[in-house]
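Residue strings, one per chain:
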Amino acid sequence: MIVKMLHEKGLKAEHAYTAAFASIGLSVVSWCGPMKAESAGTARADRWGIFVGEWAPTFFALGLALANYERDHDLLHPITH
């Protein structure tokens with residue numbers, strides 16, 4: 001299971017959520033930046049903004065899957081001190 005492997009490698013739900021919000025910001029930057037700096041115009045800026053913006057739902061879904069796994073894993077394996 002991919003989610004289990006990612007969890008074992010140290011990836012947490014918070015990391016995926018942070019990546020999702022960062023991709024939203026990067027989408028805005030990649031849309032605004034090239035529109036002013038390049039001569040290719042708005043078509044290229046639109047494509048880059050949409051391309052990067054499509055990462056956010058994937059990271060949010062991964063974060064949700066990791067959060068569910070972490071919750072279930074903690075219920076099955078409680079930490080005793």
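Calculation criteria
Residues numbered from 1 in each chain as written. Predicted model: local features only at pLDDT ≥ 70, side-chain atom pairs only at ≥ 80, totals over all residues. Heavy atoms only, no water. Patch = residues over 30% accessible without salt bridge, like charges linked within 9 Å, V, L, I, M, F, W, Y side chains within 5 Å. Areas by Shrake-Rupley, 256 points an atom, 1.4 Å probe, with all protein chains shown as cover. Salt bridge = Lys/Arg side-chain N within 4 Å of Asp/Glu carboxyl O. Helix = DSSP H or I, 4+ residues; strand = E, 2+ residues; numbered from the N terminus. Buried < 20%, exposed > 50% of the residue type's maximum accessible area, 1.4 Å probe, protein only. Core = buried A, V, L, I, M, F, W, Y, C linked by side-chain atoms within 4.5 Å. Expected span 1.5 Å × (residues − 1). Arc of directions from axis to C-beta.

Asker: Describe a nonpolar patch on the surface, and please don't skip the residues or the numbers.
Answerer: Together, Leu26, Val29, Trp48, Phe51 and Trp55 line one region of the surface with nonpolar side chains, adding up to about 490 Å² of accessible area. Looking at the nonpolar patch, the elements that each hand over two or more residues are helix H2 (13-37) and helix H3 (42-53). Within the element layout of this structure, Leu26 appears in helix H2. Using a relative accessible area of 41% as the deciding quantity, one classes Leu26 as partly exposed.

Asker: Could you give me a rundown of the nonpolar core, with the residues and numbers involved?
Answerer: Counting 5 residues, the largest nonpolar core consists of Val3, Ala13, Ala16, Leu66 and Tyr69. Taken together, the elements giving at least two residues each to this core come down to H2 and helix H4 (55-76).

Asker: Could you give me a rundown of the pattern of salt bridges, with the residues and numbers involved?
Answerer: Here the structure, examined in full by the defined rule, presents 1 salt bridge. Asp72 serves as the salt-bridge partner of Arg71, at 3.2 Å between the closest nitrogen and oxygen. For Arg71, a relative accessible area of 46% corresponds to the partly exposed category.

Asker: Please set out the environment of Ala19 residue by residue, giving values where relevant.
Answerer: Checked against the element boundaries, Ala19 lands in helix H2. Taking C-alpha positions, Ala19 is 8.4 Å from Phe60, a pair spaced 41 residues apart along the chain.

Asker: An account of H4 is needed here, citing residue identities and associated values.
Answerer: End to end, H4 covers 32 Å across 22 residues, agreeing with the expected 32 Å (1.5 Å per residue, within 8%). Listing the buried residues of H4 in full gives Ala56, Gly63, Leu66, Tyr69 and Glu70. For H4, the buried positions fall inside an angular range of 150° around the axis, keeping them on one side. Opposite the buried face of H4, at more than 90 degrees from it, the exposed residues are Pro57, Thr58, Leu75 and Leu76.

All quantities given are derived from atomic positions and should not be read as evidence of function.
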